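# Reading the structure
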Amino acid sequence: MFRLVEFIAATNRKGMTLVEVLIGLAVGSIVLAGSFWSVTTFSKQYQVTSDRINIAKNARLGLFMLKRDIRMAGSEYINSPYGTLEHGLVVSDGGDSCCDKIDIIYDRDINTRHRITYHVITRDSKSHLLRDEWFCETTCTSIDAKTIWEPTNANQPVSTDVSNLQFIINRNIKDYF
């Protein structure tokens, strides 16, 4: 009978012992730490992926603008008041290190001759592809020092994180295969 009373008394307890509370806290802490770690890891990975997507978008937009301007290079209106273009596309070789510069000249309309320059600068420890836009009011046939070009939009950012800008000209395509 004494054992039955002990058993009933043991099963009617209310609350938990200190050991049970500590074990519960330990298990809960491990679960919370794991959850925090996974949220932090996923957040960092999301940021890295988002940055890569933005770099790709900027590069695609920059190449689109560059391609559009290169296609216009050298186009001029017949009887243009600006004279005949000597070179519609001029690439200034920056060597093997960095970076080439490209000047593009074309007539946007009968009254407007434009010069577009693409170049890379480093600012705030990042490299930026910039686009300068110029126009000419007198005879503009080249980018030489005699021609007076007036800036309209200088240092327009086109793309960031551009580590190099190199143009390959007059090479045989067999060299690359």
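In case you missed it, the structure is sitting above this.
I will try to describe carefully the structure that is included in this document. (Residues numbered from 1 in each chain as written. Predicted model: local features only at pLDDT ≥ 70, side-chain atom pairs only at ≥ 80, totals over all residues. Heavy atoms only, no water.)

## Concerning unusual backbone geometry
Positioned with a positive phi, Asn155 is a non-glycine residue whose angle comes to about 55°. Locating Asn155 in the fold gives a position in strand β5 (residues 150-160). The exposure class of Asn155 is partly exposed, given its relative accessible area of 41%. (Helix = DSSP H or I, 4+ residues; strand = E, 2+ residues; numbered from the N terminus. Buried < 20%, exposed > 50% of the residue type's maximum accessible area, 1.4 Å probe, protein only.)

## Concerning the sheet that holds strand β2 (residues 101-109)
The five strands are arranged β1-β2-β3-β4-β5 in an open sheet whose pairing can be described as antiparallel. Only two strands of the sheet have a single partner each, and these edge strands are β1 (89-92) and β5. When the angles between neighbouring strand axes are averaged without regard to direction, this sheet yields 20°. In terms of strand pairing, strand β4 (residues 126-136) meets β5 through seven bridges, oriented antiparallel. Among the inter-strand pairings, Arg131 is bridged to a residue of β5, identified as Gln156. (Pairing = 2+ DSSP bridges. Axes fitted to C-alpha atoms, helices over the stretch in contact; angles between N-to-C directions.)

## Focus on the side chain of Ser159
Tracing the sequence through the fold places Ser159 in strand β5. Of the residues examined, Ser159 reaches a relative accessible area of 5% and is grouped as buried. Polar contacts involving the side chain of Ser159 include one to the main-chain carbonyl oxygen of Asn58, which spans 3.4 Å. Non-local contacts of Ser159, meaning those with residues more than four positions away in its chain, are made with Asn58, Ala59, Ser127, His128 and Leu129. (Polar contact = N/O pair within 3.5 Å; in protein donor to acceptor, adjacent residues only side chain to side chain. Contact = heavy atoms within 4.5 Å.)

## Considerations on the nonpolar core
Membership of the largest hydrophobic core comes to 13 residues, with the highest contact counts inside it found for Ile104, Tyr118, Val120 and Leu129. Excluding its chain neighbours within four sequence positions, the residues that come into contact with Val120 are Cys99, Ser127, His128, Leu129, Val162 and Leu165. Listed in part, the five residues of the second largest apolar core include Leu85, Cys136, Cys140 and Trp149. (Core = buried A, V, L, I, M, F, W, Y, C linked by side-chain atoms within 4.5 Å.)

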